[in-house]
Amino acid sequence: SQTIHQWPATLVQPVGSPLSLECTVEGTSNPNLYWYRQAAGRGLQLLFYSVGIGQISSEVPQNLSASRPQDRQFILSSKKLLLSDSGFYLCAWTRKQYNEQFFGPGTRLTVL
Amino acid sequence: GENVEQHPSTLSVQEGDSAVIKCTYSDSASNYFPWYKQELGKGPQLIIDIRSNVGEKKDQRIAVTLNKTAKHFSLHITETQPEDSAVYFCASYTGRRALTFGSGTRLQVQP
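Calculation rules
Residues numbered from 1 in each chain as written. Chains lettered and ligands numbered in written order. Predicted model: local features only at pLDDT ≥ 70, side-chain atom pairs only at ≥ 80, totals over all residues. Heavy atoms only, no water. Helix = DSSP H or I, 4+ residues; strand = E, 2+ residues; numbered from the N terminus. Buried < 20%, exposed > 50% of the residue type's maximum accessible area, 1.4 Å probe, protein only. Contact = heavy atoms within 4.5 Å. Buried area = accessible area lost by both parts, 1.4 Å probe. Salt bridge = Lys/Arg side-chain N within 4 Å of Asp/Glu carboxyl O. 1 Å grid on protein atoms, 1.4 Å probe; cavity = no way out; pocket = protein on both sides within 12 Å on 5 of 7 lines; lining within 4 Å. Points joined across faces, edges and corners; volume = space filled by probe spheres on them. Nonpolar A, V, L, I, M, F, W, Y, C, P; charged D, E, K, R; others polar. Pairing = 2+ DSSP bridges. Disulfide = S-S within 2.5 Å.

Colleague: Residues and numbers for unusual backbone geometry, please.
Modeller: In this structure, Pro8(A) follows Trp7(A) across a cis peptide bond, with omega equal to 0°. Unusually for a residue other than glycine, Gln60(B) sits at a positive phi of about 55°. One can find Gln60(B) in the loop between β6 (56–59) and β7 (62–67). Residue classification places Gln60(B) among the exposed residues on the basis of a relative accessible area of 72%.

Colleague: Could you give me a rundown of the interface of chain B and chain A, with the residues and numbers involved?
Modeller: The accessible area lost on association of the parts is a frequent measure of interface size. Taken together, the contacts link 18 residues of chain B with 20 residues of chain A. Across the interface of chain B and chain A, roughly 1,400 Å² is buried in total on both sides, 56% from carbon and sulfur atoms. Among the residues of chain B in contact with chain A, Pro44(B), Arg97(B) and Phe101(B) are the three that bury the most area, contributing 33% of the side total. Where chain B touches chain A, the interface holds one salt bridge. The salt bridge partner of Arg51(B) is Glu100(A), with a shortest N-O separation of 2.8 Å.

Colleague: Let's hear about the layout of surface pockets: which residues, and what values?
Modeller: The volume enclosed by the largest pocket comes to roughly 420 Å³. Lining the largest pocket are 23 residues, and of these Gly41(A), Gln38(B), Leu40(B), Val87(B) and Arg106(B) sit closest to its centre. Where the lining of the largest pocket is concerned, the elements lending two or more residues are β9 (86–92) and β11 (105–110) of chain B. Looking at the lining of the largest pocket, the element that brings in the most residues is β11(B), giving four residues. Taken together, the residues of the lining of the largest pocket break down into eight nonpolar, eleven polar and four charged. Reported here for the second largest pocket is a volume of approximately 190 Å³. The wall of the second largest pocket is formed by Lys37(B), Ile47(B), Asp59(B), Gln60(B), Arg61(B), Ile62(B), Ile77(B), Asp84(B) and Tyr88(B). Of the residues belonging to the lining of the second largest pocket, the class tally is four nonpolar, one polar and four charged.

Colleague: Could you give me a rundown of the pairing of strand β7 (residues 64–70) of chain A, with the residues and numbers involved?
Modeller: All names here are of chain A. Relative to strand β8 (residues 73–78), β7 is paired through five bridges, and the arrangement is antiparallel. Pairing of Gln70 across the sheet is with Gln73, part of β8. What sits between β7 and β8 in their antiparallel hairpin is a turn of two residues.

Colleague: Summarise the state of the cysteines; cite the residues concerned and give the values.
Modeller: Scanning the entire structure with this criterion turns up two disulfides over all chains. Across the disulfide from Cys23(A) sits Cys91(A); the S-S distance is 2.0 Å. Judged by the sign of its S-S torsion, about -75°, the cystine formed by Cys23(A) and Cys91(A) is left-handed. Of this pair, Cys23(A) sits in strand β3 (residues 19–26) while Cys91(A) sits in strand β9 (residues 87–94), and the two are 68 residues apart along the sequence. Take Cys23(A): its relative accessible area is 0%, and that puts it in the buried class. Covalent S-S linkage joins Cys23(B) and Cys90(B), the inter-sulfur distance amounting to 1.9 Å. Taking the torsion about the S-S bond as the criterion, the Cys23(B) to Cys90(B) disulfide, at about -100°, is left-handed. Placement of Cys23(B) in strand β3 (residues 19–25) and of Cys90(B) in strand β9 is noted, with a sequence separation of 67 residues between them. Cys90(B) gets classed as buried once you look at its relative accessible area, which sits at 0%.

What follows is the structure in C-alpha cells.
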C-alpha cells in the first residue's frame, strides 16, 4: 500500500529564517506530487506540482520554491520566511493516469 | 480556468438527519469530481468520487450525484453522526494541471 509522509509535523520559525519542508511517498513510483497551503479556516491553495524529477510547475508567485531531487521526494523551501507564510502545508500525490489524489498529514508552520 | 463554488460554507444538523453539500463547476471539460473530509489538524481524506460518465455513486451513508448539464454535483450524508463533523471539500478535474477545490463546508452534527 502507499503511504505519504511529511515532516516536521509542526514548526515555529522567526521572520527572515529559511524553510525546508519534506514530503516522501512510499509504495509507488513516478507519482505526480503537489504542495498546497491552507490558511486558518480557509481552502486549499495549490503552490507547486511536479510530474517528474526536476520538473516543477509554480502556481503562485511568492518567496517559496519547490524541488524534486528524487522520484518520491518533494521539498518546499524558502530563503527568508514572511509572516504571511504561516499556514498548514499539505503534500499530495496521484498516480499517473489515475485521478485519485491523496494527502499527507500536513505541516503546521507558524512564522513569528 | 476552472472555478468551483461550494455551498453552504457552514451547515449544522441534528444527529440522524441528512446533510447535503452542493458544488458547481465552470469548465465543461471537467470529468472527475472527488469529495474530501478534513478533520481538525489533519490532511484531507478522500471519501468518495464520481466520474463524468456516472450520475450517482453511493458508499454506505454517503452518496454523490452529478448533473453534467447543469454543471453541479452534490454530497449527501444520511443518518449523520457526531463523527461526521468536519470540513468537507469538493473538487473538479479537467485532466490538465491539478484539482480545483471548492472553498469548503464546515459540517457540525449536534448530538
